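# Inside the fold
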Amino acid sequence: MVSKSIAYGVASVVFGLMLGFMAANLKATGASAATRAGSPRLSPVQTSDEDKPVEQTRKNIQVLKGLRSSQLTSLMNFVAASLGVKCDYCHVKAGKDAETGRDKWVWESDDKETKRTARRMMQMVLSVNNTNRADFRDNPVTCYTCHRGQTEAVGLPQLPLAASAHEDGQGGAARALKPADKLPAAHEILNKYTEAVGGRAVVAKSQTRVFKGTVEQSQGRQPGIEVTLKEPNKYLAVLTTKQQGIIYQGFDGKTGWIKTDQTRREMDAAELAQLERAAALYQVIKVKEPYAGLAVTGKEKVNEREAYVLERKSADGRTEKFYFDTETGLLLRRLVLTDTVLFPIPEQTDFEDYREVDGLKLPFTIRISNIDTFFSSTRRFTEIRNNVAVDESIFNLPAAQK
């Protein structure tokens, strides 16, 4: 796994504090989704070490050849979460760095038997999924399939059982099976969603929005956040942190930029992709037309609510799932699965506490759950204002101080 010192460095510059969607699902989980109407127009991402196969950027890679370097951290965190362990279960730690005080890791070392075992387990997963792909369909075997958060694989059902296969769970009384519910078409679910958030006419009148609140994260990080949007695609986020002071991230309709106490510069294409994903969180309608490729796949529970599930696959190996409340029509969850050479990496965004703001229904809580908890976050808004007067100059990169 990549050292957290690297993660801290990324966060300080490109709002790793805000994203994790993202990302990205962020840099950890792959490329941006295709640019949508009203989102920043992005340039092609230039080749970097993060885009190279991991065997070109790391030592002693034997099983994961072909994995993008940017996906390594997320994949390793998936494995760790599946076994309920930390990095040092498999990897060798060589004391502390004298200058920084951080742990020194010898990631390429094979000294630990657990690492050698993990390598064999990965080979087994690849073999099973490649041999039985048709049987598993879109649910490939992963480390979690057997381990379920513990180092020993789960092989037996937990006793006592409520009922065995030939008995009914209600004391043997026969239960009538419900006929399968007829599912609505995708366009019907999406039209209901649009009406639920206020309808196209009300949404079209919303030209500016300002969000104020906090971002709750691991390790006691809780920066204040203020986001300002102006249609069709101008964006400014101001993050007030204890560790790094005030961080500004903006898009003026053509150029993205970052300003901190230490830097003032334009964004590169990868950072713009992250910005696009962040800005999409604050859009009123978070599933943009056209709805090409979206298909209804069934119903599932999201917390205590029943939801229709819409799914689409993209050419870049990502699967998106959208969960819409069957009663209210509101979007409850977005799940993104990013393919890797071993198994998909999930990232989940939950939209909660919808309230009406000038005729619009907006979520006052947005939770982003990443396989790396450093990049997970909960945005809690104390204030959302609609159609407020905004000085357009705030979206421009501030002039350099003389």
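Procedures and definitions
- Numbers given for residues are sequential positions, taken from 1 along each chain in its written order.
- Local features are withheld for residues below a pLDDT of 70 in this predicted model, meaning they are given only at 70 or higher, and side-chain atom pairs are given and counted only at 80 or more; totals for whole chains, interfaces and linings count all residues.
- The basis for the side-chain values is all heavy atoms of the structure; hydrogens and waters are excluded.
- Going along the chain from the N terminus, every DSSP run of H or I of four or more residues is numbered as a helix, and every run of E of two or more is numbered as a strand.
- Contacts are residue-level and defined by heavy atoms, with any inter-residue pair within 4.5 Å sufficient.
- By convention in these notes, a salt bridge is any Lys or Arg side-chain nitrogen within 4 Å of a carboxyl oxygen on Asp or Glu.
- Exposure classes here rest on a 1.4 Å probe applied to the protein chains alone. A residue is buried below 20% of its type maximum, exposed above 50%, and partly exposed in between.
- The length a helix should cover is 1.5 Å for every residue beyond the first.
- Polar contacts, as used here, are pairs of N or O atoms within 3.5 Å; protein pairs need one atom able to donate a hydrogen and one able to accept it. Residues neighboring in sequence count only if both atoms are side-chain atoms.
- A cavity here means a set of 1 Å grid points, computed over protein atoms only, where a 1.4 Å probe fits but cannot escape. A pocket is an open set with protein on both sides within 12 Å along at least 5 of 7 lines, and lining residues have an atom within 4 Å of a point.
- Grid points are joined across faces, edges and corners, and a volume is the space filled by probe spheres set on the points.
- We call Asp, Glu, Lys and Arg charged. Ala, Val, Leu, Ile, Met, Phe, Trp, Tyr, Cys and Pro are nonpolar, and the rest, Gly among them, are polar.
- The predictor reports its confidence for every residue as pLDDT, a score running from 0 up to 100.
- A pair of aromatic rings is counted whenever rings of Phe, Tyr or Trp (Trp by its six-membered ring) have centres within 6.5 Å, and the orientation is called stacked for planes under 30 degrees apart, edge-to-face for over 60 and tilted otherwise.
- Only lysine NZ and arginine CZ atoms are considered, and such an atom sits over a ring when it is within 6 Å of the ring centre and within 35 degrees of the ring normal.
- Side-chain atoms within 4.5 Å link the members of a nonpolar core, which is a set of buried Ala, Val, Leu, Ile, Met, Phe, Trp, Tyr and Cys residues.
- Cysteine sulfur atoms that pair up within 2.5 Å are treated as a disulfide.
- Between any two strands, at least two bridges found by DSSP are needed for them to pair.

### Notes on the environment of Glu-392
Among the secondary structure elements, Glu-392 is positioned in the segment after strand S15 (377-386). A sequence separation of 162 residues divides Glu-392 from Lys-230, and the C-alpha atoms of the two residues are 8.4 Å apart. Ignoring sequence-local partners within four residues, the contact set of Glu-392 consists of Lys-230 and Lys-234.

### Looking at the pattern of salt bridges
Under the defined criterion, the tally for this structure stands at 23 salt bridges. A salt bridge links Glu-320 to Arg-312; the shortest N-O distance between them is 2.9 Å. Of the two residues, Glu-320 and Arg-312, both sit in the buried class. Here Arg-333 makes a salt bridge to Asp-350, at a shortest N to O gap of 2.6 Å. Separated by 17 residues along the polypeptide, Arg-333 in strand S12 (residues 331-338) and Asp-350 in strand S13 (residues 345-357) bring together distant segments of the chain. Taken together, the shared-partner salt bridges in this structure form one network comprising Lys-93, Lys-96 and Asp-103.

### Let's talk about helix H10 (residues 269-280)
Taking 1.5 Å per residue as the helical rise, H10 with its 12 residues ought to reach 16 Å, and the 17 Å between its terminal C-alpha atoms agrees with that figure. Across the 12 residues that make up H10, a large majority, 10, are buried. Listing the buried residues of H10 in full gives Ala-269, Glu-271, Leu-272, Ala-273, Gln-274, Leu-275, Glu-276, Arg-277, Ala-278 and Ala-279. The distance from a side-chain oxygen at the start of H10 to the backbone nitrogen of Ala-270 is 3.1 Å, and the residue carrying that oxygen is Asp-268.

### Digging into helix H4 (residues 72-83)
With 12 residues, H4 should cover 16 Å at 1.5 Å per step; its first-to-last C-alpha distance of 17 Å lies within 8% of that length. Among all positions in H4, only Leu-72, Thr-73, Ser-74, Leu-75, Met-76, Asn-77, Phe-78, Val-79, Ala-80, Ser-82 and Leu-83 are buried. For H4, the elements touching its buried residues are helix H3 (54-57), helix H5 (113-131), helix H7 (143-147) and S13. Positive phi appears at Gly-84, one or two residues downstream of H4, with a value of about 70°.

### Some points on empty space enclosed by the protein
Empty space within the second largest cavity amounts to approximately 40 Å³. For the second largest cavity, the full set of lining residues is Phe-211, Leu-281, Tyr-282, Gln-283, Lys-286, Leu-362, Pro-363, Ile-366 and Phe-381. Of all the elements, strand S14 (residues 360-370) adds the most residues to the lining of the second largest cavity, at 3 residues. Among the residues making up the lining of the second largest cavity, the classes are represented as 7 nonpolar, 1 polar and 1 charged.

### Re unusual backbone geometry
Both trends apply: most residues other than glycine have a negative phi, and most peptide bonds are in trans. The omega torsion across Glu-231 and Pro-232 is 5°, close enough to zero to call that bond cis. For Pro-232, the location among the structural elements is in the loop between strand S4 (224-230) and strand S5 (234-241). Positive phi, normally seen in glycine, also occurs at Asp-358, with a value near 50°. Structurally, Asp-358 can be placed in the loop between S13 and S14. Of the residues examined, Asp-358 reaches a relative accessible area of 57% and is grouped as exposed. Notably, Asn-387 is not glycine yet its phi reads approximately 55°, a positive angle.

### Examining the confidence of the model for the protein chain
With 84% of its residues at a pLDDT of 70 or more, the protein chain shows a mean pLDDT of 83. Ranking the elements of the protein chain by mean pLDDT puts helix H2 (residues 22-25) last, at 32, and strand S3 (residues 208-216) first, at 97. Taken together, the stretch residues 1-47 has pLDDT below 50 and engages in 151 contacts with residues farther than four places along the chain or on a different chain. Counting contacts from residues 171-177, a segment whose pLDDT is below 50, to residues more than four positions away or on other chains yields 4 contacts.

### Focus on the packing of aromatic side chains
Taken as a whole, this structure holds 8 aromatic pairs when the rule is applied. Residues Trp-105 and Trp-107 carry aromatic rings whose centres are separated by 4.7 Å and whose planes lie at 10° to one another, so their mutual orientation is stacked. One aromatic cluster in this structure is built from Phe-211, Tyr-235, Tyr-282 and Phe-381. Geometry around Phe-374 places Arg-221 over its ring, the cationic atom sitting 4.0 Å from the centre. Of note, Arg-355 hangs over the ring of Phe-364, and the distance from its end group to the ring centre comes to 4.1 Å.

### Quick notes on the nonpolar core
Formed by 46 residues in total, the largest nonpolar core has its most connected members in Val-227, Tyr-235, Tyr-282, Val-287, Phe-324 and Leu-331. Counting residues in each nonpolar core, the second largest holds 20 residues, with Phe-78, Met-122, Leu-342 and Phe-343 among its members.

### Quick notes on the state of the cysteines
Counted according to the given criterion, the structure contains 0 disulfides. No disulfide involves Cys-87; its sulfur sits 9.4 Å from that of Cys-90, the nearest cysteine. No disulfide involves Cys-143; its nearest neighbouring cysteine sulfur is the one of Cys-146, lying 9.1 Å away.

### What to know about the pairing of S3
As paired strands, S3 and S4 are joined by 7 bridges and run antiparallel to one another. Along S4, the bridge assignment pairs Gly-213 with Ile-225.

### Considerations on the environment of Lys-65
Inspection of the secondary structure puts Lys-65 in the loop between H3 and H4. Between the C-alpha atoms of Lys-65 and Val-341, which are 276 residues apart in sequence, the distance is 8.0 Å.

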